[in-house]
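Residue-level listing of the chains:
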Amino acid sequence: MIETIQPTTRLIIIVAPSFNMSATMGFIDPFRAANYLDGRTYFKWQIASESGGLCVSSNGTSVDTQGLSELSAEQPGIAIVSTSWNPEKHMTERLGSALRKWARSGATLGALDTGAFVLAQAGLLKGRRATVHYEHIDAFQELYPDTEVVENLYALDGNRVTCCGGGAAVDFALQIVQGIHGSALANAAARYIFHDRLRGPAAMQQPEGSEPLGALVPATLKAAIQVMETHLEDPLPIPEICNIAGISHRQLDRLFATYIKKTPALYYRDIRLDRARGLVTQTELPIAQVAMASGFASQVHFSKSYKDRFGLPPSQDRIEGRVPFEYRAWPMHRKPKA
């Protein structure tokens, strides 16, 4: 019996300044492991950027890249865009042309972290299902309503594949290995890199009840917070939140003091402001519209509250807040889709 030798899958990973190094290397490693374990070149990859040379990631480390113009004429099987902060700045005519050319050739196009913004800017996610890091989901929904954005770890929609980044990039790559070469090789690669469970495309970024450090928050407190998170644009009075969550006002105050170290009202205001900051720094929506989308009827009150929380008014944060990204790492909260 003659064993069929499968062709090599060529991957191109396109990175941009401040890309997530951990997610990008995590994505590549299962392909390396698959090659090593069977002693075959199942996958080849190149890391590219707009102009080539060293590209600095969000943690300060760098990776050497090839310029887009230096890539061989051979079409990739898979092209992945890996970006993190300010993805809207990375679309260029050359990158857009390359992505659309690869799409026409039948390549699978994908993204890590916020890379889906770049694919959407290139017009390659219309009518598709995609995901981004949860912190950017609000902005993506506002900017690209013709794409169905989901909060899954990764989304597979034909030849468009996207991943929220982080540790999920390993699951994402293993899913690709499995899809091309089967479960045996994917399982072997997962074991080799000590990835003990492959999370599927239905897995959520923030699964309910998940507490990675095991410090469980009472269910009643979670219920109250969930009510708040689903009413950001139309805030509810705290007594009404208590009624919906089935808890007294006094109990809620006690739980917030113990676990959150804030009053319920202050916490509610802050998560609305967290949502606002994502829209301020990641979209070009008018500030008045951001205020309304975050539950503030008065733009003056919104701007004052915003400055109290983040140290600068929203109009200034829209410009300056894009640079010191360590101040932008606030959790995002979203209302569910209707």
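An account of the accompanying structure is given in this report. Just so you know, these numbers come straight off a predicted model, no measurement behind them.

**Points about the environment of tryptophan 45**
Residue placement: tryptophan 45 occurs in strand β2 (residues 43-49). It is 8.8 Å that separates the C-alpha atoms of tryptophan 45 and phenylalanine 31, two residues lying 14 residues apart in sequence. Not counting chain neighbours up to four residues away, the residues in contact with tryptophan 45 comprise Leu11, Ile13, Ile28, Phe31, Arg32 and Asn35.

**Considerations on the sheet that holds strand β1 (residues 9-15)**
Here we have eight strands laid out as an open sheet, ordered β3-β4-β2-β1-β5-β6-β10-β9, and mixed in their pairing. Sheet topology places β3 (53-56) and β9 (154-157) at the edges, where each strand pairs with a single neighbour. Each strand axis lies, on average, 30° off the axis of its neighbour in the sheet, ignoring direction. Relative to strand β6 (residues 108-113), strand β5 (residues 78-83) runs parallel, the two sharing six bridges. Residue pairing in the sheet places isoleucine 78 in a bridge with threonine 108 of β6. Contacting β1, β5, β6 and β10 (160-163), helix α2 (residues 93-104) runs over the sheet at an angle of about 155° to β1.

**Examining the pairing of β5**
Summarising burial for β5: six of the six residues are buried, a large majority. Of the pairings in the sheet, the one linking β1 to β5 comprises five bridges and is parallel in character. Considered in β5, the bridge of valine 15 is made with serine 82. For the segment spanning β5, α2 and β6, crossover handedness is right-handed.

**Side note on the packing of aromatic side chains**
To describe a pair of aromatic rings, you give the distance between the ring centres and the angle between the ring planes. Throughout the structure, instances matching the rule amount to 12 aromatic pairs. Look at phenylalanine 27 and phenylalanine 31: their rings are 5.2 Å apart centre to centre, the planes differ by 75°, and that puts the pair in the edge-to-face class. Taken as a pair, phenylalanine 27 and phenylalanine 31 lie in helix α1 (residues 21-38) at a separation of four residues, close to a single helical turn. Here phenylalanine 27 matches phenylalanine 31 in class, with each residue buried.

**Notes on the nonpolar core**
In this structure, Phe27, Phe31, Ile80 and Phe172 are the most contacted members of the largest nonpolar core, which totals 31 residues. Going through the elements one at a time, β1, α1, β2, β5, β10, α5 (168-181) and α6 (183-192) are the ones with two or more residues in this core. Of all hydrophobic cores here, the second largest spans 30 residues; its members include Ala107, Leu109, Val118 and Ala130.

**Considerations on the pattern of salt bridges**
Overall, the coordinates contain 11 salt bridges when judged by the stated rule. A salt bridge links aspartate 270 to lysine 262; the shortest N-O distance between them is 2.6 Å. Using a relative accessible area of 3% as the deciding quantity, one classes aspartate 270 as buried. Taken together, the salt bridges that share partners define one network made up of Lys262, Arg269, Asp270, Asp274 and Arg309.

**Remarks on unusual backbone geometry**
Peptide bonds are mostly trans, and most non-glycine residues show a negative phi. With a phi close to 60°, aspartate 113 is a non-glycine residue in the positive phi region. Along the chain, the position of aspartate 113 falls in strand β6. We classify aspartate 113 as buried; its relative accessible area is 7%.

**Section: α5**
Compared with the 20 Å implied by 1.5 Å per residue over 14 residues, the 20 Å span of α5 between its first and last C-alpha is a close match. Those residues of α5 not exposed but buried are Ala168, Ala169, Val170, Asp171, Phe172, Ala173, Leu174, Gln175, Ile176, Val177 and His181. Looking one or two residues past α5, glycine 182 carries a phi angle of roughly 95°, positive in sign.

Reading the values: the criteria
Residues numbered from 1 in each chain as written. Predicted model: local features only at pLDDT ≥ 70, side-chain atom pairs only at ≥ 80, totals over all residues. Heavy atoms only, no water. Helix = DSSP H or I, 4+ residues; strand = E, 2+ residues; numbered from the N terminus. Contact = heavy atoms within 4.5 Å. Pairing = 2+ DSSP bridges. Axes fitted to C-alpha atoms, helices over the stretch in contact; angles between N-to-C directions. Buried < 20%, exposed > 50% of the residue type's maximum accessible area, 1.4 Å probe, protein only. Right-handed = clockwise from strand over helix to strand, strands pointing away. Phe/Tyr/Trp six-rings, centres within 6.5 Å; stacked < 30°, edge-to-face > 60°. Core = buried A, V, L, I, M, F, W, Y, C linked by side-chain atoms within 4.5 Å. Salt bridge = Lys/Arg side-chain N within 4 Å of Asp/Glu carboxyl O. Expected span 1.5 Å × (residues − 1).

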